[in-house]
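# Summary of the model geometry
Here are the chains, one letter per residue:
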Number of protein chains: 2
Amino acid sequence: MRTGIATVCLSGTLKEKMQACAIAGFDGIEIFEQDLVTSPLTPGEVRTMAADLGLTLDLYQPFRDFDSVPEDLLAANLRRAEAKFKLMARLGMDTILVCSNVATASIDSDDLRAEQLGRLAALAEDHGVKVAYEALAWGKYVSDYEHAHRLVEAVDHPNLGTCLDSFHILSRNWDTAPIEAFSPDRIFFVQVADAPKLSLDVLSWSRHYRVFPGEGQFELAKFMGHVVRAGYSGPVSLEIFNDVFRQSDVERTAVDGMRSLIWLEEQSAKWLDANAPVLAAAGAGTVAGFAGAGRRRYPMELATLPQVAEPAGYNFAEVRAADPKGLETVLGQLGFEFNGRHRTKDVQLWTMGHARVIVNEDAPVAAGSTADAAPALTAAIGALGFDVDSPVIAAARAQQLKAPAVPRKSQANEEVFQGFAAPDSTEIFLCQGSPDGTAAWTHEFGEGLDAPAAGEGAVIDHVNLAQPWQHFDEAVLFYTSALALEPQPFAEVPSPTGLVRSQVMATADRAVRLVLNLAPLIQREGDAQPEPSGTGARRTYQEHIAFAVPDLVATARACKARGLEFLQIPANYYEDLDARFGLDPAFLATLQELNLLYDRDADGEFLHFYTATVGSVFFEMVERRGAYDGYGAPNAPVRHAVQYDLMHRLNKTT
Amino acid sequence: MRTGIATVCLSGTLKEKMQACAIAGFDGIEIFEQDLVTSPLTPGEVRTMAADLGLTLDLYQPFRDFDSVPEDLLAANLRRAEAKFKLMARLGMDTILVCSNVATASIDSDDLRAEQLGRLAALAEDHGVKVAYEALAWGKYVSDYEHAHRLVEAVDHPNLGTCLDSFHILSRNWDTAPIEAFSPDRIFFVQVADAPKLSLDVLSWSRHYRVFPGEGQFELAKFMGHVVRAGYSGPVSLEIFNDVFRQSDVERTAVDGMRSLIWLEEQSAKWLDANAPVLAAAGAGTVAGFAGAGRRRYPMELATLPQVAEPAGYNFAEVRAADPKGLETVLGQLGFEFNGRHRTKDVQLWTMGHARVIVNEDAPVAAGSTADAAPALTAAIGALGFDVDSPVIAAARAQQLKAPAVPRKSQANEEVFQGFAAPDSTEIFLCQGSPDGTAAWTHEFGEGLDAPAAGEGAVIDHVNLAQPWQHFDEAVLFYTSALALEPQPFAEVPSPTGLVRSQVMATADRAVRLVLNLAPLIQREGDAQPEPSGTGARRTYQEHIAFAVPDLVATARACKARGLEFLQIPANYYEDLDARFGLDPAFLATLQELNLLYDRDADGEFLHFYTATVGSVFFEMVERRGAYDGYGAPNAPVRHAVQYDLMHRLNKTT
């Protein structure tokens, strides 16, 4: 699959954008006109730079408001088009995107449109240019891709084809199957964009909220499957108007985009494999001459990735703390047992049942961030280990998906973890899980326990990572594509500093639950904390590790006996809980006595408590009763408010 | 008018919110349940604190999903309601908001609803509670305020009334005139919220995008006029769900909200005055027994503000620069003449025609910001002077609208400017304009010109201020209410660091044009600039003063002869300009030679150029031909790109 991206997706100057696209590995780019108009580079310099960078210049765009106009305006439009055709010659480009008219169309006649597009095609032929006509979803008279294609058919000129943009098609819920009947000679270009399902008007939706494939909710693999079956083999190019991407680091965004195309390529191949038999039975012989038996027979070659199953569980979570005393205290009070220090590294292992926490005594500076970008913290979540079938295959997949590798130094006879950095800079390690739930690497820790650790039945239930706002969509795609986690519907939780967007990524069996929290954009004015920026920024927000136990009340009593500092829940909460659920008074009294939170839904019940915060890390203990699948979202505002109050009192006294 | 605000509008804890509401001067508050549930304060403590702060507790809210349910669920709902009624007794509150059912309604019968609401009213009576029933715009069966009112009428119980929320009514475009026919005894509460017109689904719109009255596009004065004519005299309370307000400084947001109610009160009175005769003629005797002759005869008293006309023009603009050399050079090259130094202050006066620029040699630290919050800059726009009919009356109005005063120190015989601080900390001064366009205070500058300044016909055309994102809506209301400027439709301009939202505030005659630019949220990662936060934050973005002259080509030639450093416009721009407009080749050559930008629309033509930037300030020269009313928006991306490129090259070499 030939990959492309429109320069409008990225921040910076045309030169910066082109360099970033080359670094990310795109085959070609679309030149968004405004990027050229505002650039000091001459067309010749752009052409040379693209050649030097190994980028083809695939599409000049957009040319707006051409068709359905009176003759005098058409003459002006043809003059305008000819100026662009001449410019394209200097750029060495041969394809231009012409959008259906939005602003100046005044005559609704397909005959007239065909005649006008025909004159444009003839002019384009004179200049060796191909015109890719596209139906904008909000085009005045032409808003349906099949309508645009009918016009192209009617003109029947070799220099006129159509451009298929997934946003304009899927935002309107058009059926994509008819694409298969298009002649590949008529499809001049394919643009792909994903988007979250929004009820917004389609223009605003398109201009601000497009995301890279895999970051939204469109059925893009199906769209691409039909495109491939039509016989198209040209560039598949990203055209993403996104307010955040426009502000983000240009190279990171380009890599994010490239990852989305690599993932889409795989998903498209899978869709083709999965749907081939059905469509063959339904008479595939009619669709563009393809028998529909397997993707390898289509003109477009679709590369494959190493295949991985979803992870079987958390292998460990690592917390970094230059001074680990506070962490050691809390873990001990929670019931974790100290399994000793690593024989060559400054790390400790703590275990409760199958929940393993590594305390890394390196200062919590995130990988990839500069020392002064990351604020000094006493503790932060630094790494997560996941049990996978084959760490080598999973790591190979992640690397093909452009995940930056973070190999760990290791001595002879020590297990080498395959690792890479998540978008928020958390290190993700791929581990070999044992069927009995143990981990071989624990033997590298000396003076450990011989007897099985206490807390039988305890596991890591979920990990909650705070995400910097400019990498949130990237993180969703990253965990989807590299780690085979599935995004669940998101929630929004009120906190004293704003709404917190909470996105759960999970395996189907819920053995892995990872919660990505998008915290409010900045701390409130007057607060001491630095604002989030750069790779290490999420460290300023609190995040946590949650452990599941079979009997939370017993666990809480034991923790209390060991002196654990619970997050104190206001009495008002229990009064409201009673009003909502009508709980047994003795049970309610127990909840209140132990600062336990409670939730209930049709599937089951959820009990949980939080510890006080160490650095930017705190812990949660949960008990899931029945098939409860949530995270106590109704209780999250209480947690946020109490933590905020504590932090503020702390700030005011220091 | 009794003023109120719901605690959900504000950031922070319940205690912080209540304190901020008292400081801002609200009469009462609505307790949003979640704020109480998450608070460590007991109900008794909340009651005492409110009394100490002089705040009444006007409404407990929300009570959700009560009506249209089967009997077993109703019993649970009544039990839940009773728990809240008992809680309210401890809070000393007597009114609760009950919203129409969204989630659990399953029986669509008005008879059943009336019966169920009747049972709720009877229970409420037992506890001395009044139930204000509100139709949510997205209620399952009850979404129309008239429907809710019909149910209240049907129940006919003194403890059941309705709550009117302007958002739920105006978001659905319901006619508000029928409110006048409601008995005031049936209206238990009135909530006001404004909103920008969006095509979003009404629930998302409501939960994220409400703004304070005057910051959106709803016809709130008309809504309030009908409410007043119905005879309602209870609290008028803000209920604003806004993602930004939830994150902003609690006291500033509270003051912003209070300003919106003061403004709404005035606008409502004006609407009543303006509409009384028409409605009287249409038979006002039928509307709730009022004759409709004037607002003073309604139970709700509406206070008035000092009245001001829109400003007649800019009196001056002030730029601060600790080292003014760079500014002096640019102003001289632009054609400004040095009019001397002030006799007691470290300020210089520069004049061209009627455009006056004060160069203040104080370091550009914004009023109200701490020294370390504002980055050190070599130059920044510090103050704007506006010509008004009566500075004293205008200042009194601004102060009643809670604008923070910034009196200037002055010696005997010097003109005392009335001034206040805008939300972005720019100082706004109210000046007495002379009919001949001169200003009396210029005589305080010694060794000045006796002859009239050069550049006849030059005026300040517009000023462009960069706004911090968390005070953008506040700024719109501020300039609307305090300075009588009208918001125009906004534009969004692409820049290399993101979309820039551009909001023009102007007088009807365009003598004053003020452009508020909301820059992208943060600088791109890796950039050296600090991120915007706090009062002085906008100073990190470039802003400018534009002067209009009668002949821009001649002015540009003269500036060039004086050695002015123009912002260099890429050749690609002129090629595109020619493609779009087909300009006369000689004219196009002149534009390109002088780095002039050009725009044209149905109203006229616009020529302009920009200077290089000094500190964070640059200047623009414009010529308006015909009735051109814009700002060359199609050219703004070019300006942003070239400035970005310059700044980046500068950053990379330093």
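Everything numeric here is computed off the predicted structure, so don't read it as measured data.

## Some remarks on the overall build of chain A
Regarding its fold elements, chain A presents 17 helices and 24 strands. Taking all 654 residues of chain A together, 61% fall into the buried category. Here chain A has roughly 23200 Å² of accessible surface; of this, 52% comes from carbon and sulfur atoms.

## Thoughts on the sheet that holds strand S10 (residues 337-341) of chain A
All names here are of chain A. Within the open sheet, the seven strands sit side by side as S10-S11-S12-S9-S13-S15-S14. Their pairing is mixed. At either margin of the open sheet sits one strand with a lone partner, and together these are S10 and strand S14 (418-421). Adjacent strand axes in the sheet meet at a mean angle of 25 degrees when their direction is disregarded. Relative to strand S11 (residues 347-352), S10 runs antiparallel, the two sharing three bridges. Note that in S11 the partner of Phe338 across the bridge is Trp350. Where helix H12 (residues 391-400) meets the sheet, it contacts strand S13 (380-388), S14 and strand S15 (427-432), and its direction lies at approximately 150 degrees from that of S15.

## Concerning the nonpolar core
Membership of the largest hydrophobic core comes to 376 residues, with the highest contact counts inside it found for Tyr479 and Phe547 of chain A together with Tyr479 and Phe547 of chain B. Once residues lying within four places of it in the same chain are set aside, the contact partners of Tyr479 of chain B are Ala422, Ile428, Leu465, Ala484, Leu485, Met505, Leu514 and Leu516 of chain B.

## What about the interface of chain B and chain A?
Counting residues at the interface gives 68 residues for chain B and 68 residues for chain A. If you look at where chain B meets chain A, you find four salt bridges. The interface formed by chain B and chain A includes 24 residue pairs in polar contact (both at pLDDT 80 or more). Mapped onto the side of chain B that touches chain A, the elements with two or more residues apiece are helix H2 (33-37), helix H4 (71-91), helix H8 (202-209), helix H10 (250-281), strand S18 (491-495), strand S19 (498-506), helix H15 (571-581) and helix H17 (636-653) of chain B. A total of eight residues in the side of chain B that touches chain A trace back to one element, the largest contributor, which is H15 of chain B. Each residue belonging to the side of chain B that touches chain A can be placed in one class, and the counts come to 26 nonpolar, 21 polar and 21 charged.

## Notes on the sheet that holds strand S9 (residues 313-320) of chain B
Residue and element names in this part refer to chain B. On the basis of which strands lie adjacent, the open sheet formed by seven strands has the order S10-S11-S12-S9-S13-S15-S14 and mixed pairing. Looking at strand neighbours, the two that pair on one side only are strand S10 (337-341) and strand S14 (418-421), the edges of this open sheet. For this sheet, the mean angle separating the axes of adjacent strands, direction not counted, is 25 degrees. Inspection of the sheet shows S9 paired to strand S13 (residues 380-388) by seven bridges, in the antiparallel sense. Residue pairing in the sheet places Phe316 in a bridge with Gly385 of S13. Across the sheet, helix H11 (residues 325-334) is in contact with S9, strand S11 (347-352) and strand S12 (355-360); its angle to S11 comes to roughly 20 degrees.

## Here we look at the relation of the copies chain B and chain A
Here chain B sits on chain A after a turn of 180 degrees about the axis and a move of 0.0 Å along it, with an RMSD of 0.0 Å. Read as a symmetry element, the transformation amounts to a two-fold axis. No C-alpha of chain B approaches the rotation axis more nearly than that of Leu200 of chain B, which lies at 2.1 Å.

## Let's talk about the domain arrangement of chain A
Residues and elements named next belong to chain A. As assigned here, chain A comprises domain 1 (2-297) and domain 2 (313-653). Taken together, the contacts link 20 residues of domain 1 with 17 residues of domain 2. Of the roughly 1500 Å² buried at the junction of domain 1 and domain 2 (both faces included), carbon and sulfur atoms supply 57%. By the criterion of area lost to domain 2, the three top residues of domain 1 are Arg252, Arg259 and Trp263, representing 43% of everything that side buries. Connecting domain 1 to domain 2 are two salt bridges. Applying the counting criterion to the domain 1 and domain 2 interface returns seven residue pairs in polar contact (both at pLDDT 80 or more). If one sorts the elements of the side of domain 1 that touches domain 2 by residue count, helix H10 (residues 250-281) sits on top with nine residues.

## Some remarks on the environment of Pro435 of chain A
Residues and elements named next belong to chain A. Assignment of secondary structure puts Pro435 in the loop between S15 and strand S16 (459-467). The class of Pro435 is exposed, set by a relative accessible area of 91%. C-alpha separation for the pair Pro435 and Ala177, spaced 258 residues apart in sequence, amounts to 45 Å.

## What to know about helix H1 (residues 14-24) of chain B
Of the positions making up H1 of chain B, those classed as buried are Leu14, Glu16, Lys17, Met18, Ala20, Cys21 and Ala24 of chain B. Looking one or two places after H1 of chain B, you find Gly25 of chain B, whose phi comes out positive at around 95 degrees.

## Quick word on the pattern of salt bridges
Residue and element names in this part refer to chain A. Per the counting criterion, the structure on display carries 56 salt bridges over all chains. Notably, a salt bridge pairs Arg580 with Asp576, separated by 3.1 Å at the nearest N-O pair. Pair noted here: Arg580 and Asp576 are both in helix H15 (residues 571-581), with a separation of four residues, about one helical turn. We classify Arg580 as partly exposed; its relative accessible area is 32%. Residue classification places Asp576 among the buried positions, given a relative accessible area of 7%.

## Details of the packing of helix H5 (residues 110-126) of chain B against helix H6 (residues 145-155) of chain B
Residues and elements named next belong to chain B. Contact geometry for H5 and H6: axes closest at 9 Å, N-to-C directions at 65 degrees. You can see that H5 and H6 cross each other, and the crossing is right-handed. When H5 is examined against H6, the residues Asp110, Arg113, Ala114, Leu117 and Gly118 are found in contact with a partner set consisting of His147, Leu151, Ala154 and Val155. Residues that form the contact of H5 with H6 fall into these classes: five nonpolar, two polar and two charged.

## Here we look at a nonpolar patch on the surface
On the surface, a cluster of nonpolar side chains totalling about 290 Å² of accessible area is made up of Leu198 and Tyr209 of chain A together with Leu198 and Tyr209 of chain B. Along the chain, Tyr209 of chain B turns up in helix H8.

## Things to note about the packing of aromatic side chains
Residue and element names in this part refer to chain A. Inspection of every chain in the model, using the stated rule, returns 50 aromatic pairs over all chains. For the pair Phe167 and Trp205, a centre-to-centre distance of 5.3 Å together with 75 degrees between the ring planes defines the contact as edge-to-face. With Phe167 in helix H7 (residues 166-170) and Trp205 in helix H8 (residues 202-208), this pair connects stretches of sequence that are 38 residues apart. Trp205 shares its class with Phe167; the two are buried. Aromatic pair Phe478 and Tyr479: ring centres 5.3 Å apart, planes at 90 degrees, arrangement edge-to-face. For the pair shown, Phe478 and Tyr479 are each scored as buried. Members of the aromatic cluster, each reached through a chain of ring pairs, are Phe316, Phe417, Phe429, Trp441 and Phe445. One residue, Lys130, lies across the ring of Phe188, its end atom 4.7 Å from the ring centre.

## Brief notes about the packing of H1 of chain B against helix H3 (residues 43-53) of chain B
All names here are of chain B. Where H1 contacts H3, the two axes come as close as 10 Å, and the packing angle between them is 20 degrees. Looking at the two axes, H1 sits roughly parallel to H3. For the element pair H1 and H3, the recorded crossing hand is right-handed. The residues of H3 that touch H1, namely those facing Leu14, Lys15, Met18, Gln19 and Ala22, are Val46, Met49, Ala50 and Leu53. A class-by-class count of the residues in the contact of H1 with H3 yields seven nonpolar, one polar and one charged.

What counts, and at which threshold
Residues numbered from 1 in each chain as written. Chains lettered and ligands numbered in written order. Predicted model: local features only at pLDDT ≥ 70, side-chain atom pairs only at ≥ 80, totals over all residues. Heavy atoms only, no water. Helix = DSSP H or I, 4+ residues; strand = E, 2+ residues; numbered from the N terminus. Buried < 20%, exposed > 50% of the residue type's maximum accessible area, 1.4 Å probe, protein only. Areas by Shrake-Rupley, 256 points an atom, 1.4 Å probe, with all protein chains shown as cover. Pairing = 2+ DSSP bridges. Axes fitted to C-alpha atoms, helices over the stretch in contact; angles between N-to-C directions. Contact = heavy atoms within 4.5 Å. Core = buried A, V, L, I, M, F, W, Y, C linked by side-chain atoms within 4.5 Å. Salt bridge = Lys/Arg side-chain N within 4 Å of Asp/Glu carboxyl O. Polar contact = N/O pair within 3.5 Å; in protein donor to acceptor, adjacent residues only side chain to side chain. Nonpolar A, V, L, I, M, F, W, Y, C, P; charged D, E, K, R; others polar. Least-squares fit on C-alpha atoms with pLDDT ≥ 70 in both. Domains from an automatic or database assignment. Buried area = accessible area lost by both parts, 1.4 Å probe. Left-handed = near helix turned anticlockwise from the far one by under 90°. Patch = residues over 30% accessible without salt bridge, like charges linked within 9 Å, V, L, I, M, F, W, Y side chains within 5 Å. Phe/Tyr/Trp six-rings, centres within 6.5 Å; stacked < 30°, edge-to-face > 60°. Lys NZ or Arg CZ within 6 Å of the ring centre and 35° of its normal. Parallel < 35°, antiparallel > 145°, perpendicular 65-115°, else oblique.

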